[in-house]
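# Summary of structural features
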Amino acid sequence: MTKTDPYEREREAMVEHQIRDRGIRDERVLAAMREVPRHLFVPKGYERAAYEDRPLPIGEGQTISQPYIVAVMTEQLGLAPQDRVLEIGSGSGYQAALLAGLAGTVISIERLEGVAEQARENLARAGVTGVRIVVGDGTEGYPPEAPYDAIIVTAASPGVPEPLIEQLAEGGRLIAPIGPRDCQDLVKLVKREGKVETIPLGGVCFVPLIGQFGWRGEGFR
Ligand code: SAH
């Protein structure tokens, strides 16, 4: 971010009114959202809309989530500076940029090559380093760097992909939208002494997670 950032005021208003006023209290999360230039993660012409209270199209039928939903998911991950984090669904790279400011290691998996390349470009333009974007089926997780202290799934799945639960560290947290095609329940899983506790966080609507342990039907891109 430079001092000539034309959207600094919009971003400040977004954090105060859409995020803090709705109950997000983690100061590290609020600071990260003030820091990351969200307008650099949306298509050309959508820069101002980047700070509105809604998701936006990012191409190839995919979306960047509404700022408030990003904040809820990020806060619930409960990140510490040394944590290893896995994101499934890089999309624009915006969520990954926030994670990079809050954790130690960030790996983000994207199924679509073109989307992954765009995410890499967006992160570079925003000056974010320390995110590794991997092209592949994120429903299988990413075994080479497992286990993870936190896993965030930013596409919707009929159930929590088993490999992700396996790759969660002791004490690890996983956040994912789980349920039917159109809208789902956001759930948090916490692994303690090998057991998994599930906490519901409310209703959300995400694009589908397509892969071996997600949606496998025809007709999904
Ligand atoms: N976190 C993103 C938004 C993600 S949109 C952001 O901050 O902008 C959901 C993304 O998940 C899409 O880009 C879609 O291509 C991707 N996706 C769907 N199924 C996937 C899978 N099995 N593995 C990895 N990515 C997947």
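Okay, so let's go over this structure.

Reading guide: rules and limits
Residues numbered from 1 in each chain as written. Predicted model: local features only at pLDDT ≥ 70, side-chain atom pairs only at ≥ 80, totals over all residues. Heavy atoms only, no water. Salt bridge = Lys/Arg side-chain N within 4 Å of Asp/Glu carboxyl O. Buried < 20%, exposed > 50% of the residue type's maximum accessible area, 1.4 Å probe, protein only. Core = buried A, V, L, I, M, F, W, Y, C linked by side-chain atoms within 4.5 Å. Helix = DSSP H or I, 4+ residues; strand = E, 2+ residues; numbered from the N terminus. Contact = heavy atoms within 4.5 Å. Near = heavy atom within 4 Å. Polar contact = N/O pair within 3.5 Å; in protein donor to acceptor, adjacent residues only side chain to side chain. Areas by Shrake-Rupley, 256 points an atom, 1.4 Å probe, with all protein chains shown as cover. Nonpolar A, V, L, I, M, F, W, Y, C, P; charged D, E, K, R; others polar.

## Side note on the pattern of salt bridges
Evaluation of the coordinates by the stated rule reveals 12 salt bridges. Among the salt bridges present, the one from Arg11 reaches Asp5, with a minimum N-O distance of 2.6 Å. Each of the two residues, Arg11 as well as Asp5, counts as buried. Across the pair Arg192 and Glu197 runs a salt bridge whose closest N-O atoms are separated by 2.8 Å. With a relative accessible area of 48%, Arg192 lands in the partly exposed category.

## Some words on the nonpolar core
Membership of the largest hydrophobic core comes to 49 residues, with the highest contact counts inside it found for Met33, Phe41, Leu79 and Tyr94. Elements with a minimum of two residues in this core: helix H1 (8-20), helix H2 (27-35), strand E1 (56-59), helix H3 (67-77), helix H4 (94-102), helix H5 (113-125), strand E5 (131-135) and strand E6 (148-153). If near-sequence neighbours (up to four positions away) are discounted, Leu79 is found in contact with Arg28, Val85, Leu99, Leu102, Ala103, Ala150 and Arg173. Residues Ile88, Ile109, Tyr142 and Leu174 belong to the second largest nonpolar core, which totals 19 residues.

## Some words on the site of the ligand
Inspection of the region around the ligand gives 26 residues, with Ser92, Glu110, Asp137, Gly138 and Ile210 positioned closest. Glu87 is positioned such that a nitrogen or oxygen atom in its side chain is 3.0 Å from a nitrogen atom of the ligand. Contact between the ligand and Glu110: an oxygen atom at 2.6 Å from a side-chain N or O atom of the residue. Contact with the protein chains removes 99% of the 580 Å² of surface that the ligand exposes when unbound. Where the shell around the ligand is concerned, the elements lending two or more residues are strand E2 (62-64), strand E3 (84-88), H4 and strand E4 (105-110). The leading source of residues in the shell around the ligand is E2, at three residues. Taken together, the residues of the shell around the ligand sort by class into 11 nonpolar, 11 polar and four charged.

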